[in-house]
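Residue-level structure breakdown
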Amino acid sequence: MNTPCCTAAAVEHVLRAAAPVSTAVVMAFVARNFAQVGGDRTVAARRPSVVGTATMIGFLVLVYQLIHRRIGMLTVDDDHLRLGIEAIGALLMVAGAAVNVLGRVSLGSNWANQATMYADQSLVTSGVFALVRHPLYSSLIAMFFGSALLFQNAAAALATALVFVPAMYYRASLEERLLSARFDGYAAYQKRVGMLFPRIVKSRGER
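This one's a predicted model, so the numbers in the text were calculated from it and none came from an experiment.

Right, let's get into the pattern of salt bridges. Per the counting criterion, the structure on display carries seven salt bridges. The closest approach of N and O atoms between Glu-12 and Arg-82, which form a salt bridge, is 3.0 Å. Separated by 70 residues along the polypeptide, Glu-12 in helix α1 (residues 4–16) and Arg-82 in helix α4 (residues 79–107) bring together distant segments of the chain. On the basis of relative accessible area, Glu-12 is assigned to the buried category, the value being 16%. Here Asp-79 makes a salt bridge to Arg-82, at a shortest N to O gap of 2.9 Å. Placement of both Asp-79 and Arg-82 in helix α4 is noted, with a separation of three residues, approximately one turn of the helix.

Tracing the sequence through the fold places His-134 in the loop between β2 (115–118) and α5 (135–150). With near-sequence residues (within four places) excluded, His-134 lies in contact with Ala-172, Glu-175, Glu-176, Tyr-186, Met-195 and Leu-196.

Further remarks concern unusual backbone geometry. Positioned with a positive phi, Arg-70 is a non-glycine residue whose angle comes to about 60 degrees. Judged by its relative accessible area of 58%, Arg-70 is exposed. At Gln-152, a position not held by glycine, the phi torsion is positive, near 45 degrees. Mapped onto the secondary structure, Gln-152 falls in the loop between α5 and α6 (154–182). Of the residues examined, Gln-152 reaches a relative accessible area of 7% and is grouped as buried.

The next subject is the packing of helix α2 (residues 18–36) against α5. Think of two packed helices as two axes; the pair is described by the angle between the axes and how far apart they sit. In contact at an axis separation of 11 Å, α2 and α5 are set at 160 degrees when each is read in the N-to-C sense. Between α2 and α5, the interaxial angle falls into the category roughly antiparallel. For the element pair α2 and α5, the recorded crossing hand is left-handed. When α2 is examined against α5, the residues Ala-19, Ser-22, Thr-23 and Val-26 are found in contact with a partner set consisting of Leu-140, Met-143 and Leu-150.

What follows deals with a nonpolar patch on the surface. Together, Met-27, Ile-57 and Val-61 make up an exposed nonpolar region whose accessible area comes to about 210 Å². Relative to the helices and strands, Met-27 is located in helix α2. Met-27 sits in the partly exposed class, given a relative accessible area of 32%.

Side chains of a nonpolar character, in soluble globular proteins, are inclined to be buried together. Formed by 47 residues in total, the largest nonpolar core has its most connected members in Met-56, Tyr-137, Leu-150, Phe-164, Met-168 and Leu-196. Going through the elements one at a time, α1, α2, α3 (53–68), α4, β2, α5, α6 and α7 (186–192) are the ones with two or more residues in this core. In terms of residue count, α6 provides more of this core than any other element does, nine residues in total. In this structure, Phe-164 is in contact with Met-56, Phe-59, Leu-140, Ile-141, Phe-144 and Ala-159, ignoring residues within four places of it in sequence.

This next bit is on the packing of aromatic side chains. In the structure shown here, the tally under the stated rule is five aromatic pairs. The interplanar angle of 90 degrees and the centroid separation of 4.9 Å between the aromatic rings of Phe-59 and Phe-144 together place this pair among those described as edge-to-face. Taken together, the residues Phe-59 in helix α3 and Phe-144 in helix α5 connect sequence positions 85 residues apart. A relative accessible area of 8% means that Phe-144 is categorised as buried. Here the aromatic cluster, defined as three or more aromatic residues joined through ring pairs, consists of Phe-59, Phe-144 and Phe-164. We note Arg-41 situated over the ring of Tyr-118; from NZ or CZ to the ring centre the distance is 3.9 Å.

A few words on α6. Taking 1.5 Å of rise per residue, 29 residues should cover 42 Å, and α6 covers 41 Å from first to last C-alpha, within 8% of that figure. The sharpest bend along α6 comes to roughly 35 degrees, located at Thr-160. A side-chain oxygen of the first residue of α6 lies 3.1 Å from the backbone nitrogen of Ala-155; this N-cap is Asn-153.

Definitions and cut-offs
- Residues numbered from 1 in each chain as written.
- Predicted model: local features only at pLDDT ≥ 70, side-chain atom pairs only at ≥ 80, totals over all residues.
- Heavy atoms only, no water.
- Salt bridge = Lys/Arg side-chain N within 4 Å of Asp/Glu carboxyl O.
- Helix = DSSP H or I, 4+ residues; strand = E, 2+ residues; numbered from the N terminus.
- Buried < 20%, exposed > 50% of the residue type's maximum accessible area, 1.4 Å probe, protein only.
- Contact = heavy atoms within 4.5 Å.
- Axes fitted to C-alpha atoms, helices over the stretch in contact; angles between N-to-C directions.
- Parallel < 35°, antiparallel > 145°, perpendicular 65-115°, else oblique.
- Left-handed = near helix turned anticlockwise from the far one by under 90°.
- Patch = residues over 30% accessible without salt bridge, like charges linked within 9 Å, V, L, I, M, F, W, Y side chains within 5 Å.
- Areas by Shrake-Rupley, 256 points an atom, 1.4 Å probe, with all protein chains shown as cover.
- Core = buried A, V, L, I, M, F, W, Y, C linked by side-chain atoms within 4.5 Å.
- Phe/Tyr/Trp six-rings, centres within 6.5 Å; stacked < 30°, edge-to-face > 60°.
- Lys NZ or Arg CZ within 6 Å of the ring centre and 35° of its normal.
- Expected span 1.5 Å × (residues − 1).
- Bend = angle between axes of the 7 residues up to and from the residue.
- Polar contact = N/O pair within 3.5 Å; in protein donor to acceptor, adjacent residues only side chain to side chain.

Now the structure itself:
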């Protein structure tokens, strides 16, 4: 007969599997993006920055090290509370991975490692792009916060809030300048949809 302790450990093992599985799925689609990018497409404008796939992966390594080395680890003795926190973390990781994949599929050939505007660029505002203007970055934020909850690591949560979120805002801002200059309807899209987080309160004039 299973003891409550063994049952909790089994549930925890299942929940924590969300971290490597979700990460592997996203990384597979990142590789798919790199395989599709390039070709003979004409680049109309580009804003290189230090915030790209390499630095995002570098941040992933940092978070992994914080969790693996138990730096900033919190101790939650109550099994029910700990599993509840981990369940929220696992949900954030799985949901984040799903949004990331859907966003990459919707972007298709519009994706680029650096903030880039192709000559034949199209503006995507449907699907997950109807929730936030930069769902790929939003989903990664959710996944990193999810990993912090999943492993009860305060250092990972702080690093995400103080380093990763500002980095994603900076990268999204670079892209916004290119998109605003190219598409006349982008200003209306900005008013209607939040940049990194869903807009709960509608802009004045919206019904």
